Amino acid sequence: MYDPTQLRTFLAVAQTLSFTQAARRLGLRQSTVSQHVRRLEDAAGRQLFSRDTHSVELTEDGEAMLGFAHRILEVHEQATAFFTGTRVRGRLRFGASEDFVLTRLPEILESFRYDHPEVDLELTVELSGTLYERLAAGKLDLVLAKRRPEDPRGALVWRDELVWIGAERLRLDAGRPVPLIVYPPPGITRARALEVLERQGRHWRIVCTSGSLNGLIASARAGLGVMAHSRRLIPPGLFRLPDRAGLPELGGIDFVLVHGRRRAPAEEAANALATAILAGGERLRRRGD
């Protein structure tokens, strides 16, 4: 009843909330993307997106279709691999940024290991900036990380905005430097936080530096200060600071998949994992607790 090609297109639009971005990701014309979505809506008999000239949003039925699409495509891939006899093999060095520690990425990796038992998967969890350095040095094959604004590389998994978060009872004194909780260099959110504060002419001081997301969360929960973080990945026990806090806007952030140097033994495995992550990208926006 539901065409896998149309489901993949639907997921691309749902993850990017943009028909244009989905078309770029899939290598299709925007008119083709619109046609796939329209045919899927016809098959379901429901409207999956509410859209106008400025925005694209999932409807309630679209949210329901997300779960079905993931499961249908997962079973489809398993059946295809079984009956074609294809086996993905090789050593795959995969890097994921600290942002995904508390998400459902482990579920996606578990499914990938089940579907491709002959892939030797090595996982590295690090700061996005560090992952890019290792990718450039040929030490990783595939990276899931935040993208710097000037960096055109990578397949967009989803677009988000950075916000200021902290403990619920935290109150900032406008007359004192902003207490910052940050990753060490070359952290992308660190650089963005310092940039916007300096542009505003706001004084700041670093109260905690940690390369571990759990370390930053512990400091923020203790009320030591504020941190810049993805709006859709706000950890439990922390809250977005209201506009009255007077902090400057941090702007948007892209989460992308970037391939490293093409190594023949790893290329097929990297492509397979990238496909699984893009298909299951919606799960990455949900906490794993």
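Residues numbered from 1 in each chain as written. Predicted model: local features only at pLDDT ≥ 70, side-chain atom pairs only at ≥ 80, totals over all residues. Heavy atoms only, no water.

Caption draft 1: Expanded view of a nonpolar patch on the surface. Side chains of V101, L123 and V125 sit close together on the surface and give an oily, nonpolar patch of about 210 Å² of accessible area. Within the fold, L123 resides in strand β4 (residues 119-126). (Patch = residues over 30% accessible without salt bridge, like charges linked within 9 Å, V, L, I, M, F, W, Y side chains within 5 Å. Areas by Shrake-Rupley, 256 points an atom, 1.4 Å probe, with all protein chains shown as cover. Salt bridge = Lys/Arg side-chain N within 4 Å of Asp/Glu carboxyl O. Helix = DSSP H or I, 4+ residues; strand = E, 2+ residues; numbered from the N terminus.)

Caption draft 2: Broad picture of the nonpolar core. Core analysis: the biggest nonpolar cluster contains 51 residues, and F94, L144, W164, L180, V226, L257 and L273 have the highest contact counts within it. The element that contributes the greatest number of residues to this core is helix α9 (residues 264-279), accounting for seven residues. If sequence neighbours within four positions are ignored, L257 has contacts with L142, V143, L144, G154, A155, V157, A274, I277 and L278. Counting 20 residues, the second-largest nonpolar core is a separate cluster that includes F10, L11, V13 and A23. (Core = buried A, V, L, I, M, F, W, Y, C linked by side-chain atoms within 4.5 Å. Buried < 20%, exposed > 50% of the residue type's maximum accessible area, 1.4 Å probe, protein only. Contact = heavy atoms within 4.5 Å.)

Caption draft 3: Focus on helix α7 (residues 188-200). Taking 1.5 Å of rise per residue, the 13 residues of α7 would be expected to cover 18 Å, and the 19 Å separating its terminal C-alpha atoms lies within 8% of that figure. Of all the positions in α7, only I188, T189, R190, R192, A193, L194, V196 and L197 are classed as buried. Downstream of α7 by a residue or two, G201 has a phi angle that is positive, lying close to 80°. (Expected span 1.5 Å × (residues − 1).)

Caption draft 4: Representation of the environment of T59 within the structure. Inspection of the secondary structure assignment puts T59 in the loop between β2 (56-58) and α4 (60-84). If we skip the residues at most four places from it in the chain, T59 touches Q47, L48, F49 and S50. Within polar-contact distance, the side chain of T59 engages the backbone oxygen of Q47 at 2.6 Å. (Polar contact = N/O pair within 3.5 Å; in protein donor to acceptor, adjacent residues only side chain to side chain.)

Caption draft 5: Spatial organisation of the environment of R113. Counting through the fold element by element, R113 comes out in helix α5 (residues 105-115). Distance from R113 to A43, taken between C-alpha atoms, is 32 Å for residues 70 residues apart in sequence. In contact with R113, not counting residues within four places along its chain, are V119 and L121.

Caption draft 6: Local environment of the packing of helix α1 (residues 4-16) against helix α3 (residues 30-44). Relative orientation of the contacting elements α1 and α3 amounts to 110°, with a least axis distance of 9 Å. Considered as vectors, α1 and α3 are oriented roughly perpendicular to each other. As for the relative orientation of α1 and α3, their crossing is left-handed in sense. Touching T5, Q6, L7, T9, F10 and V13 of α1 are V33, H36, V37, R39 and L40, all from α3. Of the residues in the contact of α1 with α3, the class split is six nonpolar, four polar and one charged. (Axes fitted to C-alpha atoms, helices over the stretch in contact; angles between N-to-C directions. Parallel < 35°, antiparallel > 145°, perpendicular 65-115°, else oblique. Left-handed = near helix turned anticlockwise from the far one by under 90°. Nonpolar A, V, L, I, M, F, W, Y, C, P; charged D, E, K, R; others polar.)

Caption draft 7: Local environment of the environment of L7. Locating L7 in the fold gives a position in helix α1. On the accessibility criterion, L7 (0% relative accessible area) is buried. For the pair L7 and L142, spaced 135 residues apart in sequence, the C-alpha to C-alpha distance is 24 Å. With residues up to four places along the chain from it excluded, the contact list for L7 reads Y2, L40, M65, A69, I72 and L73.

Caption draft 8: Main features of the packing of helix α2 (residues 19-26) against α3. Interaxial distance between α2 and α3 falls to 8 Å at its minimum, and their mutual angle equals 105°. Relative to α3, the element α2 lies roughly perpendicular. Contacts between α2 and α3 involve F19, T20, A22 and A23 on the former and, on the latter, Q30, V33, S34 and V37. Each residue belonging to the contact of α2 with α3 can be placed in one class, and the counts come to five nonpolar, three polar and no charged.

Caption draft 9: Molecular detail of the pattern of salt bridges. Counted by the stated rule, this structure contains 12 salt bridges. The partner of E41 in a salt bridge is R51, with the nearest N and O atoms 3.4 Å apart. In this pair, E41 is assigned in helix α3 and R51 in strand β1 (residues 49-51), connecting sequence segments 10 residues apart. Taken together, the salt bridges that share partners define one network made up of R147, R159 and D254.

Caption draft 10: Region of the structure containing helix α6 (residues 128-136). Among the residues of α6, S128, G129, T130, L131, Y132 and L135 are the ones counted as buried. Where α6 is buried, its residues contact β3 (90-97), β4, β5 (142-147), α7 and β11 (252-259). Where α6 ends, the next residue or the one after it, G138, has phi of about 80°, a positive value.

Caption draft 11: Here's a closer look at the side chain of D160. Summarising the element assignment, D160 is placed in strand β6 (residues 155-166). Although buried, D160 forms no salt bridge, and the nearest oppositely charged side chain, R231, lies 4.0 Å from it. Side-chain polar atoms of D160 contact the backbone nitrogen of R231, separated by 3.5 Å. Reaching out from D160, the side chain makes a polar contact with the backbone nitrogen of R232 at a distance of 3.0 Å. Each residue touching D160, except ones within four places of it in the same chain, is listed here: S230, R231, R232, G252, I253 and F255. (Lys, Arg positive; Asp, Glu negative; His and termini not counted.)

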